[in-house]
Every structure is written in C-alpha cells, then in structure tokens.
Amino acid sequence: MASVATAGSGGHHTMAKTNGDDDDDDDAAPYDVPDQYENLDEVTAATGDTLDDIRRGESQSTSHADMAAQATRQTSRLATQLYTLSYLVLFALLGTLARVGLAHLTTYPGAPVLFPTLWANVGGSLVMGFLVEDRKLFRYEWGTTPPASDAAVDLAAAKRAHLAAKKTIPLYIGLATGFCGSFTSFSTFIRDVFLALANDMPGPPPAHRSGGYSVMALLAVLIETIGLSLAAYRAGMHLGAALEPYTPSIPVRRARSVLDGLAVLLGWGGWLGAVLLAVFPPHDRWRGTVVFAIVFAPLGCLARFYLALFLNGRRPSFPLGTFAANVLGTVILGMAWDLAHSVSGGGGVLGCQLLQGVEDGFCGCLTTVSTWVAELSSLRRKSAYIYGSVSVVVSVALMVVIMGSLRWTQGFAPLQCHP
C-alpha cells in the first residue's frame, strides 16, 4: 500500500490508498510542479478556510515541496509544464467552441434572454463548482479517505490535501482554468452591461426610453449574471457531492501515459489546424464565425494563466491576476468593438472578422466568470464584496469611456461581416 502525506493542524498525517484497481497506479511518477501553481484560484477553499487565510499561510496544507520530497521519482518539471500548457490550449479551443456554439443556439426570435453569453457563464460556473467539490475523478492522485470509523482520520486535512493535490494535476488545470475559464467570459458580460445601458441590446430595434430605464436595464444584466453564476457555482458543488457515489475515477497511469500525450498532440495540433483554416478557409464565412476565435483563444487563456501565477499571490484578499485579466480583456474588447462598429468598418470584411475573433477568442478566454465567482465564494465576506465591486465598477467605467465615446458621438455602424 502506498501513502500520501497530508497536513493538518498538528503536523503531517498519512492517508492510505485503497487496494484494488489503483494498485498499478502506485508506481506512477508524480508531477514536478512549479511553486507558482499555488496561486491558481480555480481550486479554492471548500474546507471552510477562506482564500485570504490560505494566501497568508494561516491554514496549513500539503506543500508541493513536501510532496516532491517524498517522491522517489518525478515527471520532470519541463514535461509537467508542457502537459499543463497543452491541456490549456486544448481546453481553450473546446471552451471557445462551446461558448460560441451555445450563443448561436440560444439566439433566436423571441428568446427570453437577450444576452446569450449568460448561458455560458452560468454553465461554466456550474462545471467549476462540480470540479472544486468532486473528490472522485482524481482520487488516485492523492489517496482515498479511510473508513469513517477510523478516529485518527482528519477529514478537514484530507480535504485540504485533496485540494492541494488538484493544483498539481495538468488535466485538472486544463479543465478548470482552460475549459471553464474559456467557456465563461467576463469581458462579454461587461459589454452586455454597457449595451443594456446604451439601449443597444441585440434583438428588435430598440424603442426610445428614459435614462432611468437604462439604469434598470444595466442592473438587470448585473444581477442576473452575477446572481445566477454564483448560484450555479454552488449548485455545481452540491451536484459534485451528490454524484460522488457514481463518479468514476481516472487511473493515474492512464492519465500519465495516454491522456497527457494525447493532449500534446490534440492541443497543439488543433491550434495549428485552426491557423491553417484561417489562412486557407474552405469558406470565408467560417473565419468570422468561429475560426479566428479559436486561433486567438489559446493566447488569451495562456495570458490569464500566467497573470494568475505571478499576481494572484501578491495580495491575499484581492486576486490581482484574475482582476488584471478581466479588466485588460474588457478594455481590449471595448476597443475591438469600436473599431468593428466605426464608420470605416474596421478594415472591411476581413478586418471585421479579425476583430470578431479577438473579441470572442482572445478577450473571451483572457477573462473569466467561473474563476471570479469561485474567488468570490472563497474570500472572506468583506474581501469578496470589495473585490467583486471593484472588478465590476472599474470594468464598467472603462467600458463606458471606451464604447460610450463612439456610441454617444457617431453611433455604432453595422458590422460589415455580419451574416
């Protein structure tokens, strides 16, 4: 039987793996994980500890250095980073395709929701909540909890060990940071807030309304998106707990020997294929619909990943990396929107398609709602209100300046690449 060390309030405890199908996985080499992976907030405090406490080191958890020291052999750090980046690229492509496809699917005459990105933000937050709470998919990576009758078991320490272990798994990072982060879009959410304020939401030609109604429309988009995304995140956590008896576990050896290599092939190969489709499209309309979006998507996802690694740990109560990614992506989307809707038309059809790809791909993947709501749910209440309010107020204010400068002077011109 192999063991995995976990940290509790009084030191390190050992948790034994169960015998059975996972016996062949005991020899699988652990990943050599960079220390900055601790700053990823896609795995947050589901144990009662707040993100503020974890950042300040007031709550103890298994350190990657301790896990590495116990291992006799490891997957090299270079290979670990390659697998992580490959999963991020692959799931950025899939998340963007899911978001764009769902937006088209939920845009139809008489749709009750006029801003279709709401569906993606709610769906991505639901998946994120499930991934945070789930303890079965990756249980072979950290060990399983012994029978409840064992009084020596520290369940809180076991949960902390499980959460810490998830940050060391490239596949998990790909699912949470890559797919959920790319499936949801904070910049598009803020764009919809401005369009509601400016009475320019998609759909039938807008009727004239007073400023008071515009403010109510702005509040409606804010309340619906934030409230439903937070609720979906919580619902995902409940779903993860409810489905625990039925959730399969991924064998470590299969993940290491098959899935990791497949991610390298599919991730970088899929990205290259998207570039070739953009250069040599079978149909020009494809480029504006989705091809340019998936060309730019991995760039946005990787930028958000590195911003989180280098900035999130600097201020425990205010994740600067996620904040910087969301604000920067919002600014870029606002500028791209202005260029595409200017009188010049953003450089013709091709220029319009490129700008649409930047909005849906780069900005959509650079910004995230799923990580944002996970952080809001894990910070102390005061910190969460400050972080959430500053993120929304700063982003909306910048969008009013950028998009409003065109909207309330020349007005938005029709897109030249609009189908």
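On a predicted model such as this, the values are computed, not experimentally measured, just so you know. (Residues numbered from 1 in each chain as written. Predicted model: local features only at pLDDT ≥ 70, side-chain atom pairs only at ≥ 80, totals over all residues. Heavy atoms only, no water.)

Chemist: Can you walk me through the overall build of the protein chain in this structure?
Modeler: Looking only at helices and strands, the protein chain has 14 helices and two strands in total. Taking all 419 residues of the protein chain together, 53% fall into the buried category. Sequence separation of 24 or more characterises 83% of the internal contacts of the protein chain that already satisfy a separation of 6 or more. A total accessible area of about 18,300 Å² is found for the protein chain, and carbon and sulfur atoms account for 65% of it. (Helix = DSSP H or I, 4+ residues; strand = E, 2+ residues; numbered from the N terminus. Buried < 20%, exposed > 50% of the residue type's maximum accessible area, 1.4 Å probe, protein only. Contact = heavy atoms within 4.5 Å. Areas by Shrake-Rupley, 256 points an atom, 1.4 Å probe, with all protein chains shown as cover.)

Chemist: Help me out: how do you make sense of the pattern of salt bridges in this one?
Modeler: Where charged atoms from two side chains of opposite charge approach closely, those side chains can pair. In the structure shown here, the tally under the stated rule is three salt bridges. Between D192 and R191 there is a salt bridge, with its nearest N and O atoms 3.1 Å apart. Here D192 matches R191 in class, with each residue buried. (Salt bridge = Lys/Arg side-chain N within 4 Å of Asp/Glu carboxyl O.)

Chemist: Would you mind going over the UniProt feature "transmembrane region" (unreviewed entry) in the protein chain with me for this structure?
Modeler: Cross-referencing UniProt, the feature "transmembrane region" (unreviewed entry) maps to residues 82-101, 113-132, 169-190, 210-233, 258-280, 286-311, 318-337 and 384-406 in the present numbering. Helix makes up 96% of residues 210-233 and strand makes up 0%, while its end C-alpha atoms are separated by 35 Å. Helix makes up 96% of residues 258-280 and strand 0%. Its end C-alpha atoms lie 32 Å apart. (UniProt positions renumbered as here; feature names shortened; annotations may be inferred.)

Chemist: Just checking my understanding: could you explain unusual backbone geometry for this structure?
Modeler: Residues apart from glycine generally show negative phi values, whereas peptide bonds are mostly found in trans. Backbone geometry places N199, a non-glycine residue, at a positive phi of 60 degrees. With respect to the element layout, N199 can be found in the loop between α7 (186-197) and α8 (211-242).

Chemist: Just checking my understanding: could you explain the environment of M128 for this structure?
Modeler: Considering the arrangement of structural elements, one finds M128 in helix α4 (residues 117-133). Once the C-alpha coordinates of M128 and E42 are considered, the two residues, 86 residues apart in sequence, prove to be 7.6 Å apart. In this structure M128 touches E42, A176, C180, Y233, S370, T371 and A374, once residues within four positions along its chain are discounted.

Chemist: Looking at this structure, I do not really get the packing of aromatic side chains. What am I missing?
Modeler: Given two aromatic rings, one states the distance between the centres and the angle between the planes to describe the pair. For the structure shown, the criterion picks out 13 aromatic pairs. Relative to F183, the ring of F179 lies with its centre 5.4 Å away and its plane at 35 degrees, an arrangement referred to as tilted. Of the two residues, F179 and F183 both sit in helix α6 (residues 170-183), four residues apart, roughly one turn of that helix. The two residues F179 and F183 agree in class, both being buried. Measuring from centroid to centroid gives 5.2 Å for F305 and Y306, while their planes differ by 70 degrees, and the two rings are edge-to-face. On the basis of relative accessible area, F305 is assigned to the buried category, the value being 2%. Three or more aromatic residues joined by ring pairs form one cluster here, namely Y37, F305, Y306 and F310. (Phe/Tyr/Trp six-rings, centres within 6.5 Å; stacked < 30°, edge-to-face > 60°.)

Chemist: I keep staring at the side chain of T330 and nothing clicks. Help me out?
Modeler: If you trace the backbone, T330 turns up in helix α11 (residues 320-340). Leaving out residues up to four positions away in the same chain, T330 has contacts with F186, S187, I190, T367, S395 and M399.

Chemist: What should I look at first to understand α8 in this one?
Modeler: Because each turn of an α-helix spans 3.6 residues, side chains separated by three or four positions in sequence point in the same direction. Compared with an ideal rise of 1.5 Å per residue, which puts 32 residues at 46 Å, α8 spans 46 Å between its outermost C-alpha atoms and is within 8% of the ideal. Listed as buried for α8 are S214, A217, L218, V221, L222, T225, S229, A232, Y233, G236, M237 and G240. Elements in contact with the buried residues of α8: α4, α7, α13 (370-378) and α14 (381-407). (Expected span 1.5 Å × (residues − 1).)

Chemist: What is the right way to look at a nonpolar patch on the surface in this model?
Modeler: Where nonpolar side chains cluster on the molecular surface, the patch consists of L272, V275, L276, V279 and F280 and spans about 480 Å² of accessible area. Residue placement: F280 occurs in the loop between α9 (252-279) and α10 (284-311). (Patch = residues over 30% accessible without salt bridge, like charges linked within 9 Å, V, L, I, M, F, W, Y side chains within 5 Å.)

Chemist: Could you clarify how one ought to interpret the environment of W268 in this entry?
Modeler: Along the polypeptide, W268 turns up in helix α9. For W268, a relative accessible area of 31% puts it in the partly exposed group. Between the C-alpha atoms of W268 and S86, which are 182 residues apart in sequence, the distance is 6.6 Å. Setting aside anything within four residues of it in sequence, one finds W268 in contact with L82, L85, S86, V89 and A263.

Chemist: Teacher, can you tell me more about the confidence of the model for the protein chain here?
Modeler: As a general rule, the predicted coordinates of low-pLDDT regions are not to be interpreted in detail. In the predicted model, the protein chain carries a mean pLDDT of 83, and the fraction of residues at 70 or more is 81%. A low-confidence stretch, residues 1-26 (pLDDT under 50), is modelled with 63 contacts involving residues beyond four sequence positions or located in other chains. In this model residues 58-73 is a low-confidence stretch, pLDDT under 50, and it forms 34 contacts with partners more than four residues away in sequence or in other chains. (pLDDT = per-residue confidence, 0-100.)

Chemist: What is the right way to read the packing of α10 against helix α12 (residues 348-366) from this model?
Modeler: Relative orientation and spacing of two packed helices are given, respectively, by the angle between their axes and the distance between those axes. Here α10 crosses α12 at 35 degrees, and the two axes come no closer than 6 Å. As for the relative orientation of α10 and α12, their crossing is right-handed in sense. A breakdown of the residues in the contact of α10 with α12 according to their chemical character gives 14 nonpolar, six polar and five charged. (Axes fitted to C-alpha atoms, helices over the stretch in contact; angles between N-to-C directions. Left-handed = near helix turned anticlockwise from the far one by under 90°. Nonpolar A, V, L, I, M, F, W, Y, C, P; charged D, E, K, R; others polar.)

Chemist: I would appreciate a short explanation of the environment of S370 in the present structure.
Modeler: Following the sequence through the fold, S370 ends up in helix α13. For S370, a relative accessible area of 0% corresponds to the buried category. In this structure the C-alpha to C-alpha distance between S370 and C180, which are 190 residues apart in sequence, comes to 6.2 Å. With sequence-adjacent residues up to four places away left out, S370 is seen in contact with G124, S125, M128, C180, G181 and T184.

Chemist: Please clarify how the packing of helix α3 (residues 77-105) against α6 should be interpreted in this entry.
Modeler: Here α3 crosses α6 at 30 degrees, and the two axes come no closer than 7 Å. In terms of orientation, α3 lies roughly parallel with respect to α6. Between α3 and α6 the crossing geometry is right-handed. Residue classes in the contact of α3 with α6 are distributed as 14 nonpolar, eight polar and one charged. (Parallel < 35°, antiparallel > 145°, perpendicular 65-115°, else oblique.)

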